[in-house]
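Structure at a glance
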Amino acid sequence: LLANQCRFVTGLRVRRAQQIAQLYGRLYSETSRRVLLGRLWRRLRGRPGHASALMAALAGAFVWDEERIQEEELQRSIDEMKRLEEMSHVFQRSGVERHPSEPKSQTEGNEDPGGKEQPWEMVMDKKHFKLWRRPITGTHLYQYRVFGTYTDVTPRQFFNVQLDTEYRKKWDALVIKLEVIERDVVSGSEVLHWVTHFPYPMYSRDYVYVRRYSVDQENNVMVLVSRAVEHPSVPESPEFVRVRSYESQMVIRPHKSFDENGFDYLLTYSDNPQTVFPRYCVSWMVSSGMPDFLEKLHMATLKAKNMEIKVKDYISSKPLETGSEAKSTTPSSERKSEGSCGPARIEYA
């Protein structure tokens, strides 16, 4: 009863905020709203409990300073891949049959029980990939990890297929809608709206998330990080169930180069689909759906390799100049600059 009452009150507040946003949208132009938002945010920034997110919603703008994916998030994913590779090499030399994502430090030697991470549990061991899961502390959800290898496609092709939203609509039959909403010309982060089918009789789910990709030619690694956000131009729809908790990190390590067959990848994933099913049912759906998704992704990459379909090359796209163009992040300008990516220091990406 308390949860229902909270949802009802929250719904009224959200609806009221949307009405205020529509009112301001009629009174002020988009440029005026952005200028007003910028001034309010600068004045409130640094104060405890400042309401920059609320101001952004009222002004109908998205605050990139708060939501863009930072360099640290990309680096954390890369460091995790390095750690697994180092441990894997140690186990191989010692002849110990142990998975690199099950280090002793995750289950022992942590004196703070409240901050201790749960150990990884093997769920699936296939020829080309291994799947683990671990409980997320304080929730009924799991975090999943896939460590796999492909030898018949190149890292560039695999990476491009994941980033190409138009191609995703063709090879993934579950996609109802997938489009870029807004792009940040400073970091290359972009906000996407993704609507996907769920098993009958459940409602379809929709995700609003920010993603950022980076290619480091010097260190021979690629990374793609995504997480859920709120965006004022994509309000919650009664036709879908909004997934508000979602994170995904993909790291790709070529065996040789970006354009030669063979690479390892590490995919870490978690979300809350807001189902009423028990944990084991949700775990079963994810565990069975993950191999199917990876196989479809692999087949789509093979088609791109065989030139059966044209896929945009995101890796060769040049970053935008971060001068005067960085002042505007309107959807129209982002559509024209769809090839933008990563920070200016990674010129190759």
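Residues numbered from 1 in each chain as written. Predicted model: local features only at pLDDT ≥ 70, side-chain atom pairs only at ≥ 80, totals over all residues. Heavy atoms only, no water.

- Going by an unreviewed UniProt entry, the protein carries the name StAR-related lipid transfer protein 7, mitochondrial and comes from Crocuta crocuta.
- Under the Subcellular location (unreviewed entry) heading, UniProt states for the protein: "Mitochondrion".
- Under the heading Function (unreviewed entry), UniProt records this for the protein: "May play a protective role in mucosal tissues by preventing exaggerated allergic responses." (UniProt positions renumbered as here; feature names shortened; annotations may be inferred.)

1. Focus: the overall build of the protein
- Secondary structure summary: the protein contains 9 helices and 10 strands in total.
- For the protein, with 349 residues in total, the buried portion stands at 45%.
- Here the contacts in the protein between residues at least 6 apart in sequence split such that 61% fall between residues at least 24 apart.
- Carbon together with sulfur atoms contributes 53% to the accessible area of the protein, which is approximately 19400 Å² in total. (Helix = DSSP H or I, 4+ residues; strand = E, 2+ residues; numbered from the N terminus. Buried < 20%, exposed > 50% of the residue type's maximum accessible area, 1.4 Å probe, protein only. Contact = heavy atoms within 4.5 Å. Areas by Shrake-Rupley, 256 points an atom, 1.4 Å probe, with all protein chains shown as cover.)

2. With respect to the layout of surface pockets
- In this structure, the second largest pocket occupies an estimated 1100 Å³ of space.
- If you trace the second largest pocket, you find 41 residues lining it, with Arg168, Trp194, Tyr207, Tyr269 and Phe293 closest to the centre.
- Elements supplying a minimum of two residues to the lining of the second largest pocket: strand E3 (142-150), helix H7 (165-171), strand E5 (190-196), strand E6 (205-216), strand E7 (221-228), strand E9 (246-254), strand E10 (263-271) and helix H8 (279-305).
- Within the lining of the second largest pocket, the residues separate by chemical class into 23 nonpolar, 11 polar and 7 charged. (1 Å grid on protein atoms, 1.4 Å probe; cavity = no way out; pocket = protein on both sides within 12 Å on 5 of 7 lines; lining within 4 Å. Points joined across faces, edges and corners; volume = space filled by probe spheres on them. Nonpolar A, V, L, I, M, F, W, Y, C, P; charged D, E, K, R; others polar.)

3. What to know about unusual backbone geometry
- Although it is not a glycine, Asn220 adopts a positive phi angle of roughly 55°.
- Topologically, Asn220 is positioned in the loop between E6 and E7.

4. Quick look at the pairing of strand E4 (residues 175-183)
- In the sheet, E4 pairs with E5 via 7 bridges, with the strands oriented antiparallel. Residue pairing in the sheet places Glu182 in a bridge with Val191 of E5. (Pairing = 2+ DSSP bridges.)

5. With respect to the confidence of the model for the protein
- On average, residues of the protein score 77 in pLDDT, and 68% of them are at 70 or above.
- Across residues 94-99, confidence stays below pLDDT 50; counting only partners more than four residues off in sequence or on other chains, it has 8 contacts.
- In this model residues 330-349 is a low-confidence stretch, pLDDT under 50, and it forms 53 contacts with partners more than four residues away in sequence or in other chains. (pLDDT = per-residue confidence, 0-100.)

6. What about the nonpolar core?
- Membership of the largest hydrophobic core comes to 43 residues, with the highest contact counts inside it found for Val146, Phe159, Val161, Ile252 and Tyr265.
- Ranked by residue count, the leading element in this core is H8, at 6 residues.
- In this structure, Phe159 is in contact with Tyr213, Ser214, Val215, Met222, Val223, Leu224, Ile252 and Ile315, ignoring residues within four places of it in sequence.
- Among the nonpolar cores identified, the runner-up in size contains 21 residues, and Trp64, Leu84, Trp120 and Leu266 belong to it. (Core = buried A, V, L, I, M, F, W, Y, C linked by side-chain atoms within 4.5 Å.)

7. Digging into the packing of aromatic side chains
- Summed over all chains, the structure comprises 16 aromatic pairs.
- Considering the side-chain rings of Phe158 and Tyr265, the 5.8 Å spacing of their centres and the 35° angle between planes classify their relative orientation as tilted. Taken together, the positions of Phe158 in helix H6 (residues 155-163) and Tyr265 in strand E10 put the pair 107 residues apart, joining distant regions of the chain.
- For Phe158, a relative accessible area of 0% puts it in the buried group.
- According to the relative accessible area criterion, Tyr265 is buried, its value standing at 0%.
- With a centroid separation of 4.5 Å and an interplanar angle of 25°, the aromatic rings of Trp194 and Tyr207 are classed as stacked. Note that Trp194 is positioned in strand E5 and Tyr207 in strand E6, a separation of 13 residues in sequence. (Phe/Tyr/Trp six-rings, centres within 6.5 Å; stacked < 30°, edge-to-face > 60°.)

8. Describing the environment of Pro273
- Tracing the chain through its elements places Pro273 in the loop between E10 and H8.
- For the pair Pro273 and Ser245, spaced 28 residues apart in sequence, the C-alpha to C-alpha distance is 8.0 Å.

9. Examining the environment of Thr154
- Mapped onto the fold, Thr154 is located in the loop between E3 and H6.
- In this structure Thr154 comes out as buried when scored by relative accessible area, which is 6%.
- Between the alpha carbons of Thr154 and Lys256 there is a distance of 9.7 Å; along the sequence they are 102 residues apart.
- Residues within four places of Thr154 in sequence aside, it is in contact with Phe258, Asp259, Glu260, Asn261 and Phe263.

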